[in-house]
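As a plain string of letters, each chain reads:
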Amino acid sequence: GLFSILRSSITTVTRDDRLQLLLVAFCFGAFFEGAAGFGTPVAVTGALLMGLGFPPLAASGLALIANTAPVAFGALGTPIIALASVTELDLRSLSAMVGRQLPFFSVLVPFWLVAAYAGFRRTLAIWPAILVAGVSFAVPQYLVSNYHGPWLVDVVAAVASMGALTLFLKFWRVPDEGG
C-alpha cells in the first residue's frame, strides 16, 4: 500500500530513525502545514512515523514539536492573513516581521525535535544533518516572507529543506554510535 511505498522511499534516503524523523516530521510536515494546515501535518506525519515503526504516542508528540517552526505561515499564510485583517496592519509588513523572527526558531526546532526523540548524545552525533535541515528551511522562510508575502513561505522552505537534506545525505554518513 501507500505506507510501504513511502517507507521504501524514505529508507532509500536513510535507515537512521533520527534522520527519518527529520525528513518526515520536520521537512514533509512543514510542506503539509504550508499547503493545508489545520492539523493535517500532524495527522499525516504522525501516521507516516508510525508506519516507519515509531510508537504512536511518540509519533504524535514529535509531529507536534516539528510543526512548531512552520505553523505561523500555515495553510498558505492563513494565520498572517487573518492577523492582518483583524488588526488592519499591512499584510506584507506583518509577513516580513514574522519572517525576521521565526527563522531563529526554525534552526532550533529540528535540534529540539531530535533531542526529544533520541536524547542529547544521539542528537549531537547527527548535528550536521540537523543544521542542514534547519538552515535550509530558515533561509527561504526569511526570504519568501520578506520579499514575496505569507502565501508560499512554508511550501518553498519545506521543499528547499527536503531537497537540501536529501542531497546532503547522499554524501554524508552517520557516524557509528559504538557500544
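Refer to the preceding data block for the structure.
Residues take numbers from 1 onward in each chain, read along the sequence in its written order. The predicted nature of this model means local features are confined to residues of pLDDT at least 70 and side-chain atom pairs, given and counted, to a pLDDT of 80 or more, with totals for whole chains, interfaces and linings taken over all residues. Only heavy atoms go into the side-chain values, all of them from the structure, while hydrogens and water stay out.

Student: What am I meant to see in helix 2 (residues 17–35) here?
Tutor: For an α-helix, the turn length of 3.6 residues means that residues three or four places apart are oriented alike. Every helix listed is a DSSP run of H or I at least four residues long, and every strand listed is a run of E at least two residues long, numbered separately from the N terminus. A helix is expected to reach a length of 1.5 Å times the quantity of its residues less one. Taking 1.5 Å of rise per residue, the 19 residues of helix 2 would be expected to cover 27 Å, and the 25 Å separating its terminal C-alpha atoms lies within 8% of that figure. To obtain the bend at a residue, axes are fitted to the seven residues ending there and to the seven starting there, and the angle between these axes is taken. Its axis deflected by about 30 degrees at Gly 29, helix 2 carries its strongest bend there. Buried residues dominate helix 2, accounting for 14 of its 19 residues. Just beyond helix 2, the residue with positive phi is Gly 37, at close to 65 degrees. Each residue's exposure class comes from its accessible area (1.4 Å probe, protein chains only) as a fraction of the maximum for that residue type: buried when under 20%, exposed when over 50%, partly exposed otherwise.

Student: Any chance you could explain the environment of Ala 118 here in plain terms?
Tutor: Secondary-structure assignment places Ala 118 in helix 6 (residues 91–118). By relative accessible area, which is 15% here, Ala 118 ends up buried. Taking C-alpha positions, Ala 118 is 36 Å from Leu 94, a pair spaced 24 residues apart along the chain.

Student: I tried to follow the nonpolar core on my own but got confused; where do I start?
Tutor: Nonpolar side chains in soluble globular proteins tend to end up buried together. Side-chain atoms within 4.5 Å link the members of a nonpolar core, which is a set of buried Ala, Val, Leu, Ile, Met, Phe, Trp, Tyr and Cys residues. Counting 33 residues, the largest nonpolar core has Leu 22, Phe 26, Leu 113 and Leu 165 as the members making the most contacts within it. Those elements giving two or more residues to this core turn out to be helix 2, helix 3 (40–51), helix 4 (56–66), helix 6, helix 8 (127–147) and helix 9 (153–171). The element contributing the most residues to this core is helix 2, with nine residues. Not counting residues up to four positions away in its chain, the partners in contact with Leu 165 are Leu 22, Leu 23, Cys 27, Ala 129, Val 132 and Ala 133. Contact criterion: two residues are considered in contact whenever any of their non-hydrogen atoms come within 4.5 Å of each other.

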